[in-house]
Amino acid sequence: MATISRAQLLHHPSAYFSRLPHSHSSFSINFRRRKFSVTPPLLCSSSSSSSSSASTNPSIVGDLLNYLNESWTQFHATAEAKRQLIAAGFHLLNENDEWDLRPGGRYFFTRNMSCLVAFAVGEKYIVGNGFHVIAAHTDSPCLKLKPKSASSKSNYLMLNVQTYGGGLWHTWFDRDLSVAGRVIVRASDGSFLHKLVKVKRPLLRVPTLAIHLNRTVNTDGFKPNLETHLVPLLATKPEEAFPESKEKSSSSPKAAHHPLLMQILSDELCCDVDDIVNIELNICDIQPSCLGGANNEFIFSGRLDNLASSYCALRALVDSCGSPGDLSSEHAIRMIALFDNEEVGSDSYQGAGAPTMFQAMRRIAGSLANSYAGESAFDRAIRQSFLVSADMAHGVHPNFMDKHEEHHRPEMHKGLVIKHNANQRYATSGVTAFLFKEVAKMHNLPTQEFVVRNDMGCGSTIGPILASGVGIRTVDCGIAQLSMHSVREVCGKEDIDIAYKHFKAFYQTFSSIDRKLIVD
């Protein structure tokens with residue numbers, strides 16, 4: 001059942017309680033520890049669904065909004081996924097420990113608290129059976145604090161930032177911003193703890209220059225220098241108000257960052273400033289994710305690329321094995337892999353370029369093999385495996401239709417977009433596209449096709465990285481969206497539920513489809 005977070009109610013109550021229909025079934029809102037019963041806003045259900053169809057195919061849109069509002073950073077997205085998996089009965093594994101896995105079991109592990117792999121073993125699994133995987137990523141283009149962020153200009157306290165990924169940086173100006181991420185804190189026993197932090201009030205601002213001082217901005221374009229112009233304001237209070245900072249060594253985080261910022265973080269974490277030994281923070285837009293459009297048909301949010309895909313995959317896995325008997329006839333292993341650092345090439349310890357997923361597959365196959373002494377179980381399992389690389393897709397922009405190839409213009413509300421590229425910027429092949437579309441066909445779900453124009457460059461995904469990493473069949477797909485890599489993006493509400501149903505159907509029916517096709 002969908003819930004609305006306290007932050008959503010505080011920031012945009014009118015968005016959820018205005019223009020409500022007169023009759024709806026009741027639903028529950030968690031507000032601190034009390035529960036209130038109110039009529040559900042349109043964000044929690046599809047306006048086109050009847051009450052009978054809604055009961056059998058509930059919308060996940062309200063839950064996605066909650067997930068987005070919790071997941072300001074890749075760390076928070078992973079932590080929230082971890083919470084939901086534990087609540088669903090998945091067992092947390094440690095990569096440092098020996099794994100003892102069983103058919104019918106559900107498991108997961110995290111890496112760097114920004115990468116997560118979860119899987120459910122079919123009860124009819126036998127050695128050499130394949131993996132059915134949906135992979136996505138938890139990171140989005142953003143600004144990140146530099147190791148030495150403290151800066152002062154014209155009596156302003158400012159924060160030095162780095163650009164992360166290929167963001168539309170002009171959209172970050174004149175937004176209500178704050179900080180979120182992780183902090184390493186020294187405990188009373190001398191150990192060090194990893195803690196997440198999120199300052200939920202507007203803390204920062206990157207102001208634009210008045211048009212009176214930049215008369216040609218509307219004709220020549222807004223072209224900020226990303227080193228000198230994209231520096232957020234923190235306060236006007238002079239640094240001298242915190243003389244204790246001058247007593248710190250140059251290697252101390254208290255010297256590298258404004259004492260005012262460190263005090264705010266310590267208040268959020270309920271610890272002493274001196275106990276904070278390191279910080280890793282993103283700059284975040286604080287405006288909550290919400291529904292928009294005249295018919296509430298759009299989702300307006302930051303980080304849709306690629307948290308929308310991540311959440312649809314997470315829910316599909318959880319819901320495909322949530323009831324007794326869901327895995328009773330499954331021969332394969334259902335899996336999701338959520339990686340960090342896709343926006344910067346995936347070459348990291350927690351990115352898709354690392355062997356995280358394939359090491360996990362090898363360990364899973366080995367643990368389930370028990371005393372099996374036959375020819376390589378893992379290599380045979382990979383031959384029977386299938387990967388869905390899920391990343392948001394470029395929907396056709398009504399004001400820039402010529403940017404799309406004439407016959408491949410993905411639209412909102414028309415289903416998942418299957419991405420093709422002859423130069424292998426996407427990993428889709430004729431065979432993998434057919435198999436994935438057959439899943440949709442069996443469940444009456446729409447799909448679309450996308451190729452980039454020949455006179456334009458093509459982006460890429462984690463699909464080719466993973467497909468070539470070990471030779472796994474792969475299809476690239478995504479939900480159509482606009483404003484990709486903006487601080488505020490938009491996608492269609494109906495496409496979220498279509499993607500969720502498609503992913504869930506993939507887990508439930510792919511085995512039966514795959515065995516009908518013989519290639520080689």
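The following paragraphs examine the structure supplied in this document. (Residues numbered from 1 in each chain as written. Predicted model: local features only at pLDDT ≥ 70, side-chain atom pairs only at ≥ 80, totals over all residues. Heavy atoms only, no water.)

**Brief notes about the overall build of the protein chain**
Within the protein chain one finds 14 helices and 22 strands. Counting across all 520 residues of the protein chain, residues that qualify as buried make up 52%. With an accessible surface of roughly 23700 Å², the protein chain has 50% of that area assigned to carbon and sulfur atoms. (Helix = DSSP H or I, 4+ residues; strand = E, 2+ residues; numbered from the N terminus. Buried < 20%, exposed > 50% of the residue type's maximum accessible area, 1.4 Å probe, protein only. Areas by Shrake-Rupley, 256 points an atom, 1.4 Å probe, with all protein chains shown as cover.)

**Concerning unusual backbone geometry**
A cis amide bond links Asp305 to the next residue, Asn306, at an omega of 15°. Structurally, the position occupied by Asn306 is in helix 9 (residues 304–320). The backbone of Asn341 shows a phi angle near 65°, a positive value even though the residue is not glycine. Structurally, the position occupied by Asn341 is in the loop between strand 15 (333–339) and helix 10 (356–369). With relative accessibility at 10%, the residue Asn341 sits in the buried group.

**A few points about the side chain of Glu489**
With respect to the helices and strands, Glu489 occurs in strand 22 (residues 489–492). Of the side chains with opposite charge, Arg303 lies nearest to the buried Glu489, which makes no salt bridge, at 8.1 Å. Among the polar contacts made by the side chain of Glu489, one reaches the main-chain amide nitrogen of Asp305 at a distance of 3.0 Å. Separated by 2.7 Å, the side chain of Glu489 and the backbone nitrogen of His485 make a polar contact. Aside from chain neighbours lying at most four places away, what touches Glu489 is Ile299, Phe300, Ser301, Gly302, Arg303, Leu304, Asp305, Gln481, Leu482, Ser483 and Met484. (Lys, Arg positive; Asp, Glu negative; His and termini not counted. Salt bridge = Lys/Arg side-chain N within 4 Å of Asp/Glu carboxyl O. Polar contact = N/O pair within 3.5 Å; in protein donor to acceptor, adjacent residues only side chain to side chain. Contact = heavy atoms within 4.5 Å.)

**Here we look at the sheet that holds strand 21 (residues 480–482)**
Adjacent strands of a sheet form backbone hydrogen bonds with each other and so pair up, either parallel or antiparallel. The five strands lie next to each other as 13-14-22-21-17, forming an open sheet whose pairing is mixed. Edge positions in the sheet fall to strand 13 (290–292) and strand 17 (393–394), since each has one partner strand and no second. Sheet topology note: the strand 21/strand 22 ladder contains two bridges and is antiparallel. Pairing of Leu482 across the sheet is with Val490, part of strand 22. Against the sheet, helix 14 (residues 493–514) contacts strand 13, strand 14 (298–301) and strand 22, and its axis sits at roughly 65° relative to strand 22. (Pairing = 2+ DSSP bridges. Axes fitted to C-alpha atoms, helices over the stretch in contact; angles between N-to-C directions.)

**Concerning the environment of Glu494**
Mapping Glu494 onto the fold places it in helix 14. The class for Glu494 is partly exposed, based on a relative accessible area of 36%. Residues Glu494 and Gly415, spaced 79 residues apart in sequence, show a C-alpha to C-alpha distance of 8.2 Å.

**A short note on the pattern of salt bridges**
Pairs can form between side chains of opposite charge once their charged atoms are near each other. Applying the stated criterion across every chain, the model contains 15 salt bridges. One salt bridge connects Arg315 with Asp63, and the closest N-O pair in it is separated by 2.9 Å. Placement of the pair is Arg315 in helix 9 and Asp63 in helix 4 (residues 61–70), with a sequence separation of 252 residues. Asp319 is paired through a salt bridge with Arg315; the nearest N and O atoms lie 3.1 Å apart. Of the two residues, Asp319 and Arg315 are both situated in helix 9; the distance of four residues between them amounts to about one turn of the helix. It is possible to trace a salt-bridge network through shared partners that takes in Asp63, Arg315 and Asp319.

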